[in-house]
Amino acid sequence: MTMLLELEGVTKRFGGLTALDGASLDVRQGEVRGLIGPNGSGKSTLFHVVTGVHRPDGGRITFDGHPIAGRPTEAIAQLGLARTFQDIQLFYDMTVLENAMIGCHRLTRAGALAAMVGRRWVRAEEAAIVERAMDALAVVGLADQAREPARRIPYGHQRLLEIARALAAEPKLMILDEPAAGMNPSETRSLMDQIGRIVDRGVTVFLVEHNMKMVMDICQRITVLNYGRVIATGTPTEVQADAQVIEAYLGGTAV
Ligand SMILES: Nc1ncnc2c1ncn2[C@@H]1O[C@H](COP(=O)(O)OP(=O)(O)OP(=O)(O)O)[C@@H](O)[C@H]1O
């Protein structure tokens with residue numbers, strides 16, 4: 001199976017604190033991959049070094065065959081890596097559709113923001129951008145709310161909109177940072193369905209999530225971090241049975 005993302009011995013320090021300590025893992029094309037670990041174990045830091053927010057202090061990161069460690073966020077996005085954030089980052093005064101259109105940025109000469117300014121050569125692209133954005137909204141079930149201002153849709157839908165915006169970039173890999181945070185059980189179930197539909201479209205998903213049921217249900221493989229180190233990688237069943245995981249991640253209680 002093709003490796004889409006590979007980390008080899010990646011280290012990131014903040015002053016005297018080693019947030020990532022020689023972390024290695026790979027994400028295979030087409031899988032839903034989970035990353036879990038206790039608070040402060042380095043999950044967000046790992047996402048940040050992969051997406052170019054932080055420059056790693058050591059190690060190698062390869063995405064779709066390209067070395068990306070230390071490259072700018074924009075350059076990594078151009079290679080086909082999209083992400084969502086723990087805290088929702090939407091343009092609340094813009095419509096749902098306009099927010100999704102911003103995700104098309106990677107795919108257009110002009111970028112959706114420029115499209116809204118209305119330059120002539122941009123307008124020719126606009127119909128295609130709207131179509132792509134509507135398509136992404138349909139995948140997450142938000143197409144009928146396209147004209148609503150983002151601030152008016154429920155919280156769970158705002159999280160789905162972030163995913164639609166990432167999807168509109170037609171990424172190869174989508175990184176989701178706690179996508180179910182703040183969602184109620186029915187929203188979480190719906191999110192799990194949407195992630196399934198995203199994978200059906202050929203997008204690989206790599207997610208951090210504290211909702212264990214969701215992680216165990218949708219991920220084919222899971223990596224567990226503790227104090228910046230990878231302590232286990234395996235199927236949900238393997239990880240749940242791993243003594244180190246039970247001890248380190250859960251302080252001795254069952255997963
Ligand atoms: N920009 C930063 N400057 C200094 N320390 C940082 C920075 N970012 C993260 N850290 C520290 O690095 C460690 C790992 O943090 P990180 O946010 O990656 O953990 P996490 O597993 O995502 O935690 P959580 O589950 O609480 O989101 C923590 O000790 C954190 O305080």
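Residues numbered from 1 in each chain as written. Predicted model: local features only at pLDDT ≥ 70, side-chain atom pairs only at ≥ 80, totals over all residues.

1. Section: the environment of Q78
The condition is simple: The way it works is that DSSP assigns letters per residue, a run of H or I at least four long becomes a helix, a run of E at least two long becomes a strand, and they are numbered from the N terminus.
By the element assignment, Q78 lies in helix α2 (residues 73-78). With 168 residues separating them along the chain, Q78 and I246 place their C-alpha atoms 39 Å apart.

2. Points about the pairing of strand β2 (residues 17-28)
Let me state the cut-off plainly: Being paired, for any two strands, means DSSP has found at least two bridges between them.
Of the strand pairs in this sheet, strand β1 (residues 3-14) and β2 are connected by 8 bridges, and their pairing is antiparallel. Bridge pairing links F14 to L17 in β2. Counting the residues between successive antiparallel strands, the hairpin from β1 to β2 contains 2 residues, one of them, G15, with a positive phi of roughly 60°.

3. Some thoughts on the site of the ligand
For clarity, the threshold we go by: Only the C-beta atom, placed from the backbone, is used; a residue is near a molecule or strand if that atom lies within 6 Å of it.
Residues in contact with the ligand, as listed here, are F14, L17, A19, G37, N39, G40, S41, G42, K43, S44 and T45. Among the elements that take part in the shell around the ligand, helix α1 (residues 43-50) stands out by supplying 3 residues, more than any other.

4. A look at the sheet that holds strand β10 (residues 229-234)
Two orientations exist for strands paired in a sheet by backbone hydrogen bonds: parallel and antiparallel. What counts, and what does not: Throughout, an axis means a line fitted to C-alpha atoms (over the contacting stretch in the case of helices), and angles, computed between N-to-C directions, take values from 0 to 180 degrees.
Strand order across the open sheet formed by 6 strands is β6-β7-β8-β3-β9-β10, with mixed pairing between neighbours. Every interior strand has two partners, whereas the edge strands, β6 (81-83) and β10, have only one. Shown here is a sheet whose adjacent strand axes are inclined to one another by a mean of 20°, direction ignored. Both β6 and strand β7 (residues 173-177) contribute to a ladder of 3 bridges, which runs parallel. Bridge assignment links R83 to a residue of β7, and that residue is I175.

5. Things to note about the domain arrangement of the protein
Short version of the rule: Source of the domain bounds: an automatic or database domain assignment. Our contact criterion uses C-beta atoms placed from the backbone: two residues qualify when those atoms are within 7 Å. Each residue is assigned to one of three groups, with Ala, Val, Leu, Ile, Met, Phe, Trp, Tyr, Cys and Pro labelled nonpolar, Asp, Glu, Lys and Arg labelled charged, and all others, Gly among them, labelled polar.
Domain annotation of the protein identifies domain 1 (1-80 + 171-254) and domain 2 (93-168). Contact residues are listed per partner, giving 15 residues for domain 1 and 11 residues for domain 2. Where the side of domain 1 that touches domain 2 is concerned, the elements lending two or more residues are α2, β7 and α7 (185-200). Top contributing element to the side of domain 1 that touches domain 2 by residue count: α7, with 5 residues. For the side of domain 1 that touches domain 2, the per-class residue count stands at 9 nonpolar, 4 polar and 2 charged.

6. Notes on the nonpolar core
What counts, and what does not: Joining buried Ala, Val, Leu, Ile, Met, Phe, Trp, Tyr and Cys residues through C-beta atoms within 7 Å gives a set, and that set is a nonpolar core. With C-beta atoms placed from the backbone, a residue counts as buried when 20 or more other C-beta atoms lie within 10 Å of its own, as exposed when 12 or fewer do, and as partly exposed for counts between those limits.
The biggest cluster of nonpolar side chains holds 69 residues, and the ones touching the most others in it are A100, A133, L137, A164, L167, M174 and V205. Both domains that meet at this core, namely domain 1 (1-80 + 171-254) and domain 2 (93-168), each give it at least three residues.

7. A short note on α1
Counting buried positions over the 8 residues of α1 gives 7, a clear majority of the element. Among all positions in α1, only K43, T45, L46, F47, H48, V49 and V50 are buried. Phi turns positive, to about 85°, at G52, one or two residues after α1.

8. Points about the confidence of the model for the protein
Using the following cut-off: The quantity known as pLDDT measures the predictor's confidence residue by residue, on a range of 0 to 100.
For the protein, the average pLDDT comes to 89, and 89% of its residues sit at 70 or higher. Within the protein, helix α4 (residues 112-117) has the poorest average pLDDT of any element, 52, and strand β4 (residues 58-63) the best, 98. Confidence estimates for the predicted assembly give a pTM of 0.89 and an ipTM of 0.97.

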